[in-house]
Each structure stands twice: as C-alpha cells, then as structure tokens.
Amino acid sequence: MSWKAQIHEWLAHHREDGTRLLQSLVRMPSTQGNEQQAQMLIAGKLYDLNLEVELWEPDGELLVKHPYFYSPRSKFTGSPNVVGVLRGSGGGRSILLNGHMDVVPEGDVKQWTSHPFSGEVTDGKLYGRGASDMKGGNVALLLAIQAIRELGIQLKGDVIFQSVVEEESGGAGTLAAILKGYKADAALIPEPTNMRIFPKQQGSMWFRIHVKGRSAHGGTRYEGVSAIEKCMIVVSELLELERVRNARINDPLFANNPIPIPINIGTINGGNWPSSVPDIVTIEGRIGVAPEESMDEVKAELAAWMDRLQAQDEWFAVSPPRLEWFGARWVPGSVDIGHELIGVLSEQFESVLGSKPAIEASPWGTDGGLLTVVGDTPCIVFGPGLTHTAHYPNEHIVLEDMFRTAEIIALTMLAWCGIEAEESLAGSS
C-alpha cells in the first residue's frame, strides 16, 4: 500500500481523535493572556509524539527593541510559545508549520446559537470561537505530523511545528520564535483560507489623525470652526486615497478582492457638549499595505495625502491635521508564484481533491509576513476554515475540510522534505 493510501486510511481511523482534540482546544478560551492551558495541551501532544519540545514565555524586554514588535503588553506571563521539532535523517528540505493559539474575544454571547466555547458538533461542523481561526488549522498540522510518526515514515528534512501566541495582536509570538533562531527552507500557515493558497498577504498599520477646530457657543457656531465638519473632509480624502491606492493594484491574485488594500475608519471621537462647537476630533483607522510595498512607503504616502488638505480648505493651512502611527501592525508578505512549495502543495491538493486549488492573495494580514521578511523563511498560507466565520458569531469549521487539509499537508511534507530510501508518494511502504 502506498504512503498516500496509508495516510488517507490513518486519518479515516483517527477522525474521532482529531475531533476530540479540536473540541478540547475550543473549550479552552485562549484569549490574549489566557493561552497557557491550551498551549500545555499542545506541548503534551508534542511530547507524546517524541518531538524535541521547547516551551517558553516571550521576553518582552528583548522584543520591544525590535522594529517590528507590537503588543499591548510587555510581559507574557501565562502566554507561552510551544515548538516541536521532528528531526529528519538529513539531506532534505526543512519546513516550518506555524499556527497561533490566541483567539479574539467572543463578543455578544446572545448572537451565538450555542455557547462560544462549546465545541458543539452539528451537521459535520464544529462550533466555537477559534474553531476556524485557527485551532482547526493547528489540529490539521498535528494530525499530519502524527500520521507520519505513527506510520513510521522517515523524512529527510526537519519539520518545525510552532504554536504561537499574540498573532491577533500583531505577531509577538512568531517574532519571539524567529529571534530564538527558528527558520526553515519554507513555511506554511494553515489560517482559514477555505483551502485556497495565499502566496501573498497584505500587511496593515493603525493610524490616528487629530483634527482641530475652534470652540464657540452653539448659538453662534459661525464664530467657531467645527472639528467634526473638518473631520468629514479628512474622511472623504482618506476614502479617495483608498481609491487611488487600489487603482494601482493589477495583480490577478487580488481579482476576487473588491478592495485589495482597504483603509478602514475604525473610530471617530470628538466633541464634549451639544451646545458647544467641537474643537478636536480624533480619527483612528487601519491602512492596508500591499505585499510588495514597504511600511515606510505607505506612511509617507498617507502623510503626503494629509498635506494636500491645505490646498482644499484654508482652515487646514492654519491648523493642519496631525498624523501619528500607533498600535498594531502586520508585515506584508510575498512569495513568488513560481516558488516550489506552491507547486508541491498544489500537486498534493489535486491528488487528494481531484481539482486544482485556487491561488489568491490574502484579504488580511498574517504572521506569514514576519516569517518571510524577518525570519528569512518564505511563507505561504493555506488552511481549512471559512474566512467569513472567523471573528464572527457562530464561528465554525467544516470537519471534513480539516481532515482533508491534514492529508494534503502530510503529503506535502513527504514531497517537500523527502523520504528516506527515496520512496515516492506512489511507491509501496
């Protein structure tokens, strides 16, 4: 029986085990600062598989010195990273498999059909916060590694499995793993892409714009300058900048993205009394960064766009808006469409599902940019789970997709890392 057939059969026999593992992880609310219980479960699984395991809490004092670091906290007590290494026999290519364990908060519980951390299984779908983003992807990785271990397949190249924290806040966990020295010939992150392959991921940055006015009594508002009214002009210009920036995007990988690199206005705060002309408004937003752009280029373009306001409204010549950058940022990533890992993954996808995969650009940021740019490990994103359920009420994953992804990734590991005795995927064990 071929390795391919054996892996397929092994996964078929371990569906209940895989489902229970995902249920256990989903039932652990691993929001920021609360990842330890879930990470200890992962570490135990890696020890059971006889991998070389490292467990550590990221060093905030070291991370804060890095230009790509962001986190709302500087200490990571209770938020450990977990890494397990499956050593190859030598002579093969290495692969890094990275997934994050942190999840976003559940939001309004009343909008959920079942409890957000129930792990309930209905009609082949497992529900709960993190099921799709991205504990289902993590379990797919673990199943792929376990199948290879228990079937006695000896890979030539190393496999580095990482379960990291802080992805939702900007990637501090993955950055900490990079600074530990973990790298490979290529990387794969099983974020919820609905089993599409993303060689490119946009980045993003948070910005804040302060718009000043001049206060006055509401009864004589004509003697003041409303910061709210001036803010409307700024917002209009931001939307025009979004249009201009996206008109430059002609990459076919973005064809299915209506707005490849959005500018989102997230908050507007201003005014303090209904009968007073507001003298200050603060806008906070997020600007997308194209895969081939640098963050500095985007910062310069937004600053130049704000300078244009002075020619449109004489008030801005007297009191120009003040732009600042703050908070989270996600590094963009781009891997050439001809990269061999994309070809290998595509071949295994087709061998399992009988059709060619969709290859697109990501509509959001991931830790893939950090791995590609900072970690010198070209990263592509491919995983189970629906993009439109991540961060939503009733988040869920189709279990069949998780097991299919595990099979595709296991076969990809064999083809990428190589097998001892140079047996082919179609050969007998």
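Everything in this summary refers to the structure shown in the same document.

Our next topic: the environment of Arg245. Summarising the element assignment, Arg245 is placed in helix H7 (residues 227-247). In sequence terms Arg245 and Val289 are 44 residues apart; their C-alpha atoms lie 9.7 Å from each other. Beyond its immediate chain neighbours, meaning those up to four positions away, Arg245 contacts Ile261, Ile287, Gly288, Val289, Ala290, Glu293, Val298 and Glu301.

Across the eight residues of helix H6 (residues 172-179), seven count as buried, placing the element largely inside the fold. Packing partners of the buried residues in H6 comprise strand S1 (52-56), helix H4 (60-63), strand S2 (81-86), strand S3 (95-100), strand S6 (159-164) and helix H12 (368-374). Note on H6: the residue one or two positions beyond its end, Gly181, has a positive phi of about 105°.

This part covers the state of the cysteines. Disulfide: a covalent bond formed between the sulfur atoms of two cysteine residues. Evaluation of the coordinates by the stated rule reveals zero disulfides. Cysteine Cys379 shares no disulfide, and the gap to the nearest cysteine sulfur, in Cys417, comes to 15 Å.

Take the packing of H7 against helix H8 (residues 295-307) next. The geometry of H7 relative to H8 is characterised by a closest axis approach of 10 Å and an angle of 135° between their N-to-C directions. Comparing their axes, H8 and H7 come out oblique. As H7 runs across H8, the sense of the crossing is right-handed. Seen from H7, the contacting residues are Val234, Glu237, Leu238, Glu240, Leu241, Val244 and Arg245; seen from H8, they are Val298, Glu301, Leu302, Trp305 and Met306.

Next up on the list: the packing of helix H5 (residues 131-150) against helix H13 (residues 399-417). For the pair H5 and H13, the least separation of the axes is 8 Å and the interaxial angle reads 50°. Classified by the angle between their axes, H5 and H13 sit oblique to one another. Once H5 is placed against H13, the crossing between them reads as right-handed. Between H5 and H13, the contacting residues are Gly136, Val139, Ala140, Leu141, Leu143, Ala144, Ile145 and Ile148 on the first element and Met402, Phe403, Thr405, Ala406, Ile409, Ala410, Met413 and Leu414 on the second. In terms of residue class, the contact of H5 with H13 is made up of 14 nonpolar, two polar and no charged.

Now for the side chain of Thr19. Here Thr19 is to be found in helix H2 (residues 15-26). There is a polar contact of 2.9 Å between the side chain of Thr19 and the backbone oxygen of Arg15. Those residues within four positions of Thr19 in sequence are excluded, and the remaining contacts are Val121, Leu126, Leu399 and Phe403.

Right, let's talk about the sheet that holds strand S10 (residues 263-270) for a bit. Taking strand neighbours across the sheet as the criterion, the four strands line up as S10-S11-S9-S12 in an open arrangement whose pairing is antiparallel. Each edge of the open sheet carries a strand with a single partner, namely S10 and strand S12 (322-330). Recorded for the sheet is a direction-independent mean angle of 20° between the axes of neighbouring strands. Summarising the sheet, strand S9 (residues 203-212) and S12 pair through six bridges and their orientation is antiparallel. Paired with Met205 across the bridge in S12 is Arg329. Here H7 sits on the sheet and contacts S9, S10 and strand S11 (280-289); the angle it forms with S11, its principal contact strand, is near 10°.

Scoring rules and cut-offs
Residues numbered from 1 in each chain as written. Predicted model: local features only at pLDDT ≥ 70, side-chain atom pairs only at ≥ 80, totals over all residues. Heavy atoms only, no water. Helix = DSSP H or I, 4+ residues; strand = E, 2+ residues; numbered from the N terminus. Contact = heavy atoms within 4.5 Å. Buried < 20%, exposed > 50% of the residue type's maximum accessible area, 1.4 Å probe, protein only. Disulfide = S-S within 2.5 Å. Axes fitted to C-alpha atoms, helices over the stretch in contact; angles between N-to-C directions. Parallel < 35°, antiparallel > 145°, perpendicular 65-115°, else oblique. Left-handed = near helix turned anticlockwise from the far one by under 90°. Nonpolar A, V, L, I, M, F, W, Y, C, P; charged D, E, K, R; others polar. Polar contact = N/O pair within 3.5 Å; in protein donor to acceptor, adjacent residues only side chain to side chain. Pairing = 2+ DSSP bridges.

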